[in-house]
Amino acid sequence: MNAVTWDQRERIITLLAEASADPDVRAVVVTATGRGFCAGADLRGTPSSDERVPDERVPGGHVPGERVPGERVPGDVARTIRQGAQRFIGAVLDCEKPVIAAVNGTAAGIGAHLAFACDLVLAAESAKFIEVFVRRGLVPDGGGAYLLPRLIGPQRAKELMFFGDAVTAHDARELGLVNRVVAAEELEKTAREWAERLAQGPTRALALTKQLVNASLDADRAAAFAAEAAAQEINMTTRDANEGVASFVERRTPRYEGR
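Treat the numbers as computed from the prediction; the structure is a model and nothing was measured.

Would you mind showing me how to read the environment of R136 here?
Of note, R136 is situated in the loop between β6 (128-130) and α4 (144-152). Between the alpha carbons of R136 and G164 there is a distance of 9.8 Å; along the sequence they are 28 residues apart.

As structure tokens, then:
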């Protein structure tokens, strides 16, 4: 079910950062193989902490005041969330290329939040989304309480998080969590078509648009308008912006390069 291990998470974060920096990468698709999109975090994949060899000269093998291996101290959990799940979701939100989620099956916990953080979400008819945290007695992490209210409003977000019920692909589309639902055999084809269409667009303008939309949810009108003006100023220095204006004047189809 593609539960995310520590190694997989770090690899995805690295790939998204590389996509941002590579002008030849014009769009990103996040999908999976098998019957699940992502069942959440695989806690068994967490690397072991650095442990000292016990000192046999002291009772219990540890120097007084030394941290015992495996002992949890205040701050450990919050640090793990910040450096793990939140950093993972932040990598999707901050990627400078359009990111499409092609959800082929169950997306639970951090897997659901991975999909919701993407710019566009395609779902196979068999897909399900589950805010599974409450079933384990946990608080939603990985940006869930940030993402969901902004996508569907606070009351519906609470309903999903309080009950932890599975949401079908069609219900997710009705809620506004999914852009389009397609047959399972059409998912890869549709994701590729969308990615290719985005890849032919003005990449830097899309990146700046993504940043404006994401930031607008936390900004007042004055800040949003100032960010918009600054983004347009930056975008007008790109080759694609010049090409867009020239193609309009010359009445031809623009040829964007992503630069």
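Any chance you could explain the sheet that holds strand β8 (residues 180-182) here in plain terms?
Backbone hydrogen bonds hold the strands of a sheet together, and the pairing may be parallel or antiparallel. Spatially, four strands are ordered β1-β3-β5-β8 in an open sheet, and the strand pairing comes out parallel. What marks the edges here is a single partner per strand, and that holds for β1 (28-30) and β8. Between one strand axis and the next, the sheet turns by 25° as a mean value, whatever way the strands run. In this sheet, β8 lies alongside strand β5 (residues 120-124) in parallel orientation, the contact comprising three bridges. Paired with A123 across the strands is V181, a residue of β8. Contacts from helix α7 (residues 187-199) reach β1, β3 (99-103), β5 and β8, with the element oriented near 165° to β5.

Looking at this structure, I do not really get the packing of helix α8 (residues 203-216) against helix α9 (residues 221-235). What am I missing?
Think of two packed helices as two axes; the pair is described by the angle between the axes and how far apart they sit. Running from amino to carboxyl end, α8 crosses α9 at an angle of 170°, the nearest separation of the two axes being 10 Å. The orientation of α8 relative to α9 falls into the category roughly antiparallel. Touching R204, A205, L208 and L212 of α8 are A227, E228, A231, I234 and N235, all from α9.

Please explain empty space enclosed by the protein as it appears in this structure.
For the structure shown, the criterion picks out one cavity of 30 Å³ or more. Looking at the largest cavity, its volume works out to about 40 Å³. As for the largest cavity, its lining consists of F116, F129, I130, E131, L160, D165, V167 and L177. Classifying every residue of the lining of the largest cavity by side-chain character gives six nonpolar, no polar and two charged.

Quick question: what am I supposed to make of the pattern of salt bridges here?
Working definition: two side chains of opposite charge can pair if their charged atoms are close together. If you walk through the whole model with that rule in mind, you get ten salt bridges. Where D24 meets R259, a salt bridge forms, and the shortest distance between an N and an O atom there is 3.2 Å. Of this pair, D24 sits in the loop between α1 (6-21) and β1 while R259 sits in the segment after α10 (239-249), and the two are 235 residues apart along the sequence. What makes D24 exposed here is its relative accessible area of 58%. On the accessibility criterion, R259 (33% relative accessible area) is partly exposed. The partner of R150 in a salt bridge is D218, with the nearest N and O atoms 2.5 Å apart. Of the two residues, R150 sits in helix α4 while D218 sits in the loop between α8 and α9, which places them 68 residues apart along the sequence. Each member of the salt-bridge network shares a partner with another, and the members are R9, E10 and R87.

Whenever I open this one, the state of the cysteines confuses me. Can you help?
Here, disulfide denotes a covalent bond that connects the sulfur atoms of two cysteines. According to the stated counting rule, one finds zero disulfides in the structure shown. C118 carries a free sulfur, and the closest cysteine sulfur to it, the one in C95, is 9.3 Å from it. Overall, the relative accessible area of 7% leaves C118 in the buried class.

Please clarify how the packing of aromatic side chains should be interpreted in this entry.
Each pair of aromatic rings is reported with the distance of its centres and the angle of its planes. Enumeration over the complete set of coordinates arrives at one aromatic pair. Note on F116 and F129: the rings are 5.5 Å apart at their centroids and 25° apart in plane angle, and the pair reads as stacked. With F116 in helix α3 (residues 110-117) and F129 in strand β6, the pair connects residues that are 13 residues apart, well separated along the chain. Relative accessible area serves as the criterion here: at 7%, F116 is assigned to the buried category. Here F129 falls in the buried class, since its relative accessible area comes to 3%.

Whenever I open this one, the pairing of β5 confuses me. Can you help?
Residues in a regular strand point their side chains to alternate faces of the sheet. Buried residues dominate β5, accounting for four of its five residues. Relative to β5, β3 runs parallel, the two being bridged by four bridges. When the sheet's bridge partners are listed, V103 is paired in β5 with A123.

The rules we used
- Throughout this document, residue positions are counted from 1 along each chain, in the order its sequence is written.
- Per-residue local features are limited, in this predicted model, to residues with pLDDT of at least 70; the limit for side-chain atom pairs, both in listing and counting, is 80 or more; totals at the level of whole chains, interfaces and linings are taken over all residues.
- To get the side-chain values, take all heavy atoms of the structure and skip hydrogens and water.
- Numbering of helices and strands runs from the N terminus, with a helix taken as a DSSP run of H or I at least four residues long and a strand as a DSSP run of E at least two residues long.
- Paired strands, in this sense, are two strands between which DSSP finds at least two bridges.
- To get an axis, fit a line to the C-alpha atoms, keeping to the stretch in contact for a helix; angles then go from 0 to 180 degrees between the N-to-C directions.
- Note on definitions: a residue-residue contact is assigned when non-hydrogen atoms from the two residues lie within 4.5 Å.
- An angle below 35 degrees is read as roughly parallel, one above 145 as roughly antiparallel, one from 65 to 115 as roughly perpendicular, and any other as oblique.
- Points on a 1 Å grid, built from protein atoms alone, make a cavity when a 1.4 Å probe fits but cannot get out and make a pocket when they are open with protein on both sides within 12 Å along at least 5 of 7 lines; residues with an atom within 4 Å of a point are the lining residues.
- Grid points are joined across faces, edges and corners, and a volume is the space filled by probe spheres set on the points.
- Each residue gets one label: Ala, Val, Leu, Ile, Met, Phe, Trp, Tyr, Cys and Pro are nonpolar, Asp, Glu, Lys and Arg are charged, and the others, such as Gly, are polar.
- One side-chain nitrogen of Lys or Arg within 4 Å of one carboxyl oxygen of Asp or Glu is enough to make a salt bridge.
- The buried label applies to any residue whose accessible area, calculated with a 1.4 Å probe on protein chains only, is under 20% of its type's maximum; exposed applies above 50%, and partly exposed to all values in between.
- Any two cysteine sulfur atoms within 2.5 Å of one another count as a disulfide.
- Stacked, edge-to-face and tilted are the three classes for Phe, Tyr and Trp ring pairs, Trp counted by its six-membered ring, which pair at centre distances within 6.5 Å; planes under 30 degrees apart are stacked, over 60 edge-to-face, the rest tilted.

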